[in-house]
Amino acid sequence: MKTKEEILNYLQMQSNPTRIKVNERNGNSLPQYGVPMTVLRKLAIEIGKDHQLAISLWNENNLDAKMLAVMIMDSNEMNQKEIEKIANEINFCYLMDEYVDYVVFQREDYDIYKNEWIQSTQDILGRGGWYLVVKSLLKINVDDQTIENYLTIISKELQNATPKKQETMNRALCEIGINYPKYTDECLNIGEKLGVYKEMKVAKGCTSPYAINWIQVGLKKKEKIKK
């Protein structure tokens, strides 16, 4: 498949009703086929980086086309204005996550967007900023001052953050608690004090997003790996 039309026809053939419901439940308002992520990722690998095709797909009013688009975008062919333009057009949490993974975090200047977006009052853009925080926490050794700045913001803003931004801000708190031992106790104290997600019910066998539970489970997994 080399043309946009061929790709769109293929995506339509991969429609999955369950995926449609999942996307709708998580806030998608765009027309969609509901293509499973495994199918999109496999197709993206087959196509490879193709920025011209990516922009053409991005301009389609269809979630699956946009999902595939960010997976094949070439971040090296984008300037800061273009990065921000697309980010501001995204209004669905999973699409923002893919954009951060495949495009924004691949750039050497991702800190520019991270530091700007975590301050945004826009739910999805704020989510993107905190997802960049999460990515950096997992991929590099973040310095103490930066960690302390994150924890100060989280302490002040987590309880009243917008829903999708709150999810990644809470994850940042948990990743610090799990992966930065110096701050584990502080993260547990913050989680207990704020109580975000404490009352959320989760399916049997799943980890609660409540920071106390999430951090404790994460620490136990790390101990098992060491053994």
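Preceding block: the structure.
Chains are numbered independently. Their residues run from 1 in the order of the written sequence. For this predicted model, a pLDDT threshold of at least 70 governs which residues receive local features, and a threshold of 80 or more governs which side-chain atom pairs are given and counted, while totals over whole chains, interfaces and linings are taken from all residues. The basis for every side-chain value is the complete set of heavy atoms in the structure, and neither hydrogens nor water enter the calculation.

**A word on the overall build of the protein chain**
Threshold: Helix and strand assignments come from DSSP, with helices taken as H or I runs of at least 4 residues and strands as E runs of at least 2, each series counted from the N terminus. Whether a residue is buried, partly exposed or exposed follows from its accessible area with a 1.4 Å probe, protein chains only, as a fraction of its type maximum: under 20%, in between, or over 50%, in that order. Contacts are residue-level and defined by heavy atoms, with any inter-residue pair within 4.5 Å sufficient. For the accessible areas, the method is Shrake-Rupley and the probe is 1.4 Å, while residue cover comes only from the protein chains on display.
Along the protein chain, the regular secondary structure elements total 13 helices and 0 strands. In terms of its C-alpha atoms, the protein chain occupies a principal-axis envelope of roughly 55 × 40 × 40 Å. Burial analysis of the protein chain (227 residues in total) assigns 50% to the buried set. Restricting to contacts in the protein chain with at least 6 residues of sequence separation, those with at least 24 account for 64%. Working note: accessible area of the protein chain is about 12300 Å², and carbon and sulfur atoms make up 48% of it.

**Here's the deal with unusual backbone geometry**
With a phi close to 70 degrees, Y197 is a non-glycine residue in the positive phi region. Along the chain, Y197 turns up in the loop between α12 (184-194) and α13 (211-226).

**Observations regarding the pattern of salt bridges**
How we decide: One side-chain nitrogen of Lys or Arg within 4 Å of one carboxyl oxygen of Asp or Glu is enough to make a salt bridge.
Applying the stated criterion across every chain, the model contains 11 salt bridges. Here R41 ties to E98 by a salt bridge, and the two come within 2.8 Å at their closest N and O atoms. Of the two residues, R41 sits in helix α3 (residues 37-47) while E98 sits in helix α7 (residues 93-102), which places them 57 residues apart along the sequence. Look at R41 and you get partly exposed, because its relative accessible area is 32%. Linking K135 and D101 is a salt bridge whose minimum nitrogen-to-oxygen distance equals 2.7 Å. With K135 in helix α9 (residues 123-139) and D101 in helix α7, the pair connects residues that are 34 residues apart, well separated along the chain. Here K135 matches D101 in class, with each residue buried. Here the residues in one salt-bridge network are D97, R127, K164 and E167, joined through shared partners.

**Some thoughts on the packing of α3 against helix α5 (residues 63-72)**
We count it as follows: To obtain each axis, a line is fitted to C-alpha atoms, and for helices this fit is confined to the stretch in contact; angles are then taken between N-to-C directions over 0 to 180 degrees. The labels follow the angle: roughly parallel below 35 degrees, roughly antiparallel above 145, roughly perpendicular from 65 to 115, and oblique for the rest. Crossing handedness is defined as follows: a turn of the near helix away from the far one that is anticlockwise and smaller than a right angle gives a left-handed crossing, while the clockwise case is right-handed.
The interhelical angle for the contact between α3 and α5, taken along N-to-C directions, is 45 degrees, at an axis separation of 9 Å. Considering their axes alone, α3 and α5 lie oblique with respect to each other. Viewed along their axes, α3 and α5 form a crossing whose handedness is right-handed. Of α5, the residues touching α3 (which contributes M37, L40, R41, L43, A44 and I47) are D64, M67, L68, M71 and I72.

**Some words on the nonpolar core**
Where we set the bar: To form a nonpolar core, buried Ala, Val, Leu, Ile, Met, Phe, Trp, Tyr and Cys residues must be joined to one another through side-chain atoms within 4.5 Å.
Core analysis: the largest hydrophobic core is formed by 74 residues, its most contacted members being L57, M73, Y99, W117, L151, I154 and I176. Not counting the four nearest positions on each side in its chain, L151 is found in contact with L173, I176, Y183, E186, C187 and I190.

**Quick look at the side chain of E175**
With respect to the helices and strands, the residue E175 is situated in helix α11 (residues 163-179). In this structure E175 comes out as buried when scored by relative accessible area, which is 9%. Once you skip the residues sitting within four places of it in the chain, E175 turns out to touch V134, L137, L138 and Y180.

**Notes on the environment of T38**
Among the structural elements, T38 can be located in helix α3. Relative accessible area serves as the criterion here: at 63%, T38 is assigned to the exposed category.

**What to know about helix α4 (residues 51-58)**
What counts here: This arc is built from the directions going out from the helix axis to the C-beta atoms.
Buried residues of α4: H51, L53, A54, L57 and W58, and no others. Axial view of α4: buried residues confined to an arc of 155 degrees, hence all on one face.

**Quick word on the environment of K222**
Take K222: it is sitting in helix α13. Once the C-alpha coordinates of K222 and H51 are considered, the two residues, 171 residues apart in sequence, prove to be 39 Å apart.

**A short note on the packing of aromatic side chains**
Quick note on the threshold: Only centres within 6.5 Å qualify two rings of Phe, Tyr or Trp (six-membered ring in Trp) as a pair; their planes then separate them into stacked at under 30 degrees, edge-to-face at over 60, and tilted for everything else. Whether a charge sits over a ring comes down to the Lys NZ or Arg CZ being within 6 Å of the ring centre and within 35 degrees of the ring normal.
In total, this model carries 4 aromatic pairs according to the counting rule given. Aromatic side chains F105 and Y110 sit 4.7 Å apart centroid to centroid with 55 degrees between the ring planes, which places their arrangement in the tilted category. Per residue, the accessibility class of F105 equals that of Y110, and both read buried. The residue whose ring lies beneath K66 is W58, and the NZ or CZ to ring-centre distance is 4.3 Å.

**Focus on the side chain of K165**
Operational definition: Charge counting treats Lys and Arg as positive and Asp and Glu as negative, with His and both chain ends excluded.
Note on placement: K165 falls in helix α11. The charged side chain of K165 is buried without a salt bridge, its nearest counter-charge being E157 at 4.3 Å. With residues up to four places along the chain from it excluded, the contact list for K165 reads I118, Q119, S120, D123, G126, R127, W130 and E157.

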